[in-house]
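# Structural features, examined
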Amino acid sequence: MKKAGFIFDLDGVIVDTAKYHYLAWKNLANELGIEFTEADNEKFKGVSRKRCLELLLEMGNITVSKEQFDRWLEEKNEDYLKYISKMDKKEILPDVTKVLDYIKDKGIPMALGSASKNAVSILEKVALMSYFDAIVDGTQVTKAKPDPEVFLIAAKKIGAEPENCVVFEDALAGIEAANIAGMESIGIGDVKILSDADHGFNNFTEIDVKFLDDLILLLESKN
Ligand code: B16
Ligand code: MG
């Protein structure tokens with residue numbers, strides 16, 4: 001029997017910080033005279049901050065110096081930090097803690113695998129740090145999802161083989177990354193968008209104990 005590992009994305013899986021990213025990008029877009037809608041924001045989910053700004057500037061046909069690019073990156077992040085500074089436990093998405101408690105009680109290691117450079121500060125604000133045996137965030141990866149780097153590092157840190165790990169993700173790029181890593185993938189959100197995932201749920205309230213028990217057995221049986 002192999003050791004299973006559970007890996008969770010942060011934004012859109014554990015907490016809904018997408019709304020704050022949206023507000024901060026929209027503020028910058030307004031300043032630059034670029035129209036930015038919630039539909040545009042969908043393309044920014046799971047994507048690194050730098051890549052998001054590149055996408056925004058492409059939308060506005062704007063080319064800038066490296067210095068100006070970095071200033072806008074910082075401006076967006078400072079704005080975003082103002083929004084997340086008010087976060088607390090109430091922002092944990094429904095039934096996430098129930099699932100984390102169940103996996104922790106089973107003694108199965110858990111890791112966070114997020115593109116965000118603010119992941120640790122968000123986990124501290126919502127008081128979930130203690131659940132995770134390892135945290136891999138945007139400060140530790142060089143290649144963005146769909147590259148599997150973030151999840152492969154996470155698996156290594158919790159001492160599990162990729163094929164014995166499962167990833168919970170809300171972004172298509174994240175599902176692709178999990179699949180490329182050879183991990184079991186669970187899409188959280190619109191099942192049609194995340195159709196490449198091995199399993200799909202609208203949210204954690206749909207995940208029951210039977211599903212988790214079967215999943216653990218499956219992960220532990222893989223060589
Ligand atoms: P930051 P995840 C991602 O988090 C977000 O989905 C994405 O919208 C954001 O641009 C990215 O983190 C970087 O975040 O600006 O805080 O470094 O879904 O991978 O947990
Ligand atoms: Mg996400």
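These remarks concern the structure in this document. Starting from 1, residues in each chain are numbered consecutively following that chain's sequence as written. To read the labels, note that chains go from A and ligands from 1, taken in the order they are written. In keeping with the predicted nature of the model, local features appear solely for residues at pLDDT of at least 70, side-chain atom pairs appear and are counted solely at 80 or more, and the whole-chain, interface and lining totals rest on all residues. Hydrogens are left out, water is left out, and the side-chain values use all remaining heavy atoms of the structure.

### Comments concerning the overall build of the protein
Note on conventions: DSSP H or I runs of at least 4 residues are helices, E runs of at least 2 residues are strands, and numbering of each starts at the N terminus. Of the regular secondary structure elements, the protein holds nine helices and six strands. Computation of the radius of gyration draws on C-alpha atoms alone. For the globule rule, the value is 2.2 Å times the number of residues to the power 0.38. Relative to the globule expectation of 17 Å for 223 residues, the C-alpha radius of gyration of the protein, 18 Å, shows essentially globular dimensions. Dimensions of the protein, computed from the C-alpha atoms along their principal axes, are close to 55 × 35 × 30 Å. Here's how the labels work: a residue is buried when its accessible area is under 20% of the maximum for its type, exposed when over 50%, partly exposed in between, all with a 1.4 Å probe on protein chains only. Here the protein holds 223 residues, and the buried ones make up 49% of them. Two residues form a contact once any of their heavy atoms are found within 4.5 Å. Residue pairs at least 24 apart in sequence account for 62% of intrachain contacts in the protein once pairs closer than 6 positions are excluded. On the protein, roughly 10,600 Å² of surface is accessible, and the fraction owed to carbon and sulfur atoms is 52%. Positive charges are assigned to Lys and Arg, negative charges to Asp and Glu, while His and the chain termini are left out of the count. Where a charge lies is defined by one atom per residue type: Lys uses NZ, Arg uses CZ, Asp uses CG and Glu uses CD. Taking the average location of the 28 positive side-chain charges in the protein and that of its 40 negative ones, the two points are 3 Å from each other. With residues, only the protein chains shown are counted as cover, and all accessible areas are computed by Shrake-Rupley using a 1.4 Å probe.

### A word on helix α8 (residues 172–180)
Three or more residues of α8 are buried, namely Ala173, Gly174, Ile175, Ala177 and Ala178. Looking at the buried side of α8, the elements it contacts are α7 (149–157), β4 (165–169) and β5 (184–188).

### Things to note about the sheet that holds β4
A pair of strands is treated as paired once DSSP finds two or more bridges between them. Taken together, the six strands give an open sheet; going across it, the order is β3-β2-β1-β4-β5-β6, and neighbouring strands pair in parallel fashion. Taken across any chain shown, the strands that pair with only one partner, and hence form the sheet edges, are β3 (134–136) and β6 (199–201). Here the strands of the sheet are splayed against their neighbours by 20° on average, with no regard to which way each runs. In terms of strand pairing, strand β2 (residues 110–113) meets β3 through three bridges, oriented parallel. All axes here are fitted lines through C-alpha atoms, helices being fitted over the stretch that makes contact, and every angle between N-to-C directions spans 0 to 180 degrees.

### Things to note about the layout of surface pockets
Taken as a whole, the largest pocket holds about 520 Å³ of empty space. Along its surface, the largest pocket is lined by 29 residues, and Val47, Ser48, Arg49, Ala115 and Ser116 are the ones closest to its centre. Those elements giving two or more residues to the lining of the largest pocket turn out to be α1 (18–32), α3 (49–59) and α4 (66–84). Gly is put with the polar residues, along with every residue not named as nonpolar or charged; the nonpolar set is Ala, Val, Leu, Ile, Met, Phe, Trp, Tyr, Cys and Pro, and the charged set is Asp, Glu, Lys and Arg. Counted by class, the lining of the largest pocket contains ten nonpolar, nine polar and ten charged residues. For the second largest pocket, the lining is made up of 22 residues, of which Glu42, Lys45, Asp170, Ala171 and Ile188 are closest to its centre. Along the lines of polarity and charge, the residues of the lining of the second largest pocket split into twelve nonpolar, four polar and six charged. Each of domain 1 (5–16 + 89–221) and domain 2 (18–84) gives at least three residues to the lining of the second largest pocket. Space inside and on the surface of the protein is sampled on a 1 Å grid over the protein atoms alone, with a cavity defined as a set of points where a 1.4 Å probe fits but cannot get out and a pocket as an open set with protein on both sides within 12 Å along at least 5 of 7 lines; lining residues have an atom within 4 Å of a point. Grid points are joined across faces, edges and corners, and a volume is the space filled by probe spheres set on the points. All the domain ranges listed were derived from an automatic or database domain assignment.

Don't take any of this as a statement about function, it's just geometry.
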